[in-house]
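# Close look at the chain arrangement
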Amino acid sequence: MKRFLSGDEAFAEGVRLAKPQVISAYPITPQTVVVERLSEMVEEGSLKAEYVHVESEHSALSCAMGASATGARTFTATSSQGLLYMAEVLTYAAGGRFPIVMMNANRATALPWNIYGDQRDSLALLDHGWIQAYAENNQEALDLALMAYAVAEDPAVLTPFMVNLDGFALTHTYETVDVPAEEDADAFLPPYQATNCFDFEHPKNIGYSAGPDYNRYFKYYEHRDMLGAFEAIDRVEARFADCFGRAYTGPVEAVSCDDAEVVLVTLGSVAGLARESVARLREQGKRVGLLRIRYMRPFPAKLIAEALAGAAAVGVLEKDISFGAEGTVFTNVNSALQQAGCTTPTFNFIGGLGGDDITSAQMDAMFDALLDSVGERGRDDAAAGRSCDDASTGQGAGLGRVSFLGIDFPVASQSACGDDCEEGAR
């Protein structure tokens, strides 16, 4: 059924179709609408679940973890400072292998206090053991709500899953969304058959301690099974396409990358704007491409390196900054290229902080800055001249090139944002 829904409402519909048995809720802007809609569904009877209104975000995830330990399918949601308040419990849920699904409405973190959307909250917690996916639009948000359970509950994965929606850009923006029929959703996602749960007939230790002799084994298996989510994602997306006719592209989506001279990497809703820019610049004869990262964990390093292998320059646009270093996505992309022996120059664009608008003109200018960095060499000559032993064309020329949109854009040659940035900050 086609419906006109905000991102929050679309995600709530996806959760309803997934039929969680326990929902632990604590409202925080711009996530609140999700748990409000779910409370209405429980009240009217369209969703049969225990709805627990807790006193904090820390309690919301603690409640979800306890419910998961009983074998229940669980859901919670949060944003920004609420996600940071949950941070302690994130590692408990991941280490305990509880396949909780959580929606995070990406929002700036304080101070200054700000309720608008950037991605510093979730990207700051990449190392906490959760699968992390980023939706581009409201349809993908609904679909990820269903697919997240199928991936997280896969017996070879058993890892909690965080679905990220850009605050306000998606959560409060309305689009036409195809809501699947309940019987089709049931066929795609059967009831959860828990194995990692309390069992009075066959008692097991849950919430254990492990000293130096054994701790490394738990961490090894946690890492191994997170990487195993790649195969689960492929299986789940293939089944999803068969059931609903909508196909997704796995952990990354490459747009016009095959012959691209330069490629811009990004994630979340801003990929839609980049997609429009690619189409427009292609019409002008500029060979530009877009690589959208859909999953930041597990990190698809090999797929990223393969998609960027032919580019003469790569830009990473992100709504995040790791203060004193560079953007977190930029760090991960550079690692992927380095592991593959690829010496492509890379540039980091920081935008959208605190909900700041990223414009079409800025998007086009980023592509032009990348093209200008290539100069007269051209894509083919630049690619032919690179090798993993050629330090003169290596990443050293590109690492540290961090540009804040609206402050020192386009790219500066210095390793930090320099005098212009300092003046803008003042």
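Our structure's up above, just so we're on the same page.
To start, this report covers the structure provided alongside it.

Each value, and the rule that gives it
- Residues numbered from 1 in each chain as written.
- Predicted model: local features only at pLDDT ≥ 70, side-chain atom pairs only at ≥ 80, totals over all residues.
- Heavy atoms only, no water.
- Salt bridge = Lys/Arg side-chain N within 4 Å of Asp/Glu carboxyl O.
- Helix = DSSP H or I, 4+ residues; strand = E, 2+ residues; numbered from the N terminus.
- Buried < 20%, exposed > 50% of the residue type's maximum accessible area, 1.4 Å probe, protein only.
- Pairing = 2+ DSSP bridges.
- Axes fitted to C-alpha atoms, helices over the stretch in contact; angles between N-to-C directions.
- Contact = heavy atoms within 4.5 Å.
- Polar contact = N/O pair within 3.5 Å; in protein donor to acceptor, adjacent residues only side chain to side chain.

## Description of the pattern of salt bridges
The full count for this structure, using the stated rule, is 26 salt bridges. Across the pair Asp364 and Arg280 runs a salt bridge, and its minimum N-O distance is 2.9 Å. With Asp364 in helix 13 (residues 360-374) and Arg280 in helix 10 (residues 270-283), this pair connects stretches of sequence that are 84 residues apart. Asp364 gets classed as buried once you look at its relative accessible area, which sits at 16%. The salt bridge involving Lys286 is made with Asp368; its shortest N-O contact spans 2.9 Å. In this pair, Lys286 is assigned in the loop between helix 10 and strand 11 (288-293) and Asp368 in helix 13, connecting sequence segments 82 residues apart. By relative accessible area, which is 25% here, Lys286 ends up partly exposed. Given a relative accessible area of 27%, Asp368 falls into the partly exposed group. Each of Glu136, Glu140, Glu237, Glu253, Arg275, Arg292 and Arg294 takes part in one network of salt bridges that share partners.

## Remarks on the sheet that holds strand 13 (residues 313-318)
Taking strand neighbours across the sheet as the criterion, the six strands line up as 9-11-10-13-14-15 in an open arrangement whose pairing is mixed. On the outer flanks of this sheet lie strand 9 (252-255) and strand 15 (402-404), each paired with one strand and no other. Going from strand to strand, the sheet's axes swing by 20° on average, the running direction of each strand aside. Of the pairings in the sheet, the one linking strand 13 to strand 14 (residues 346-350) comprises five bridges and is parallel in character. The residue of strand 14 that forms the bridge with Val314 is Thr346. This element, helix 11 (residues 301-308), spans strand 9, strand 10 (262-266), strand 11 and strand 13 of the sheet and lies at about 175° to strand 11.

## With respect to the sheet that holds strand 6 (residues 131-134)
If you walk across this open sheet you meet the seven strands as 3-2-4-5-7-6-12, and the pairing is mixed. The open sheet has two free edges, formed respectively by strand 3 (50-53) and strand 12 (295-297), since each of these has just one partner strand. Taken over all neighbouring pairs, the strand axes of this sheet differ in orientation by 20° on average, direction set aside.

## Some remarks on the side chain of Asn104
In this fold, Asn104 is placed in strand 5 (residues 101-106). On the basis of relative accessibility, which here comes to 0%, the residue Asn104 falls in the buried class. Separated by 3.0 Å, the side chains of Asn104 and Asn164 make a polar contact. Among residues more than four places away in sequence, those in contact with Asn104 are Thr78, Ser79, Ser80, Leu83, Asp121, Ser122, Met162, Val163, Asn164 and Leu165.

Keep in mind these values describe shape, not function.
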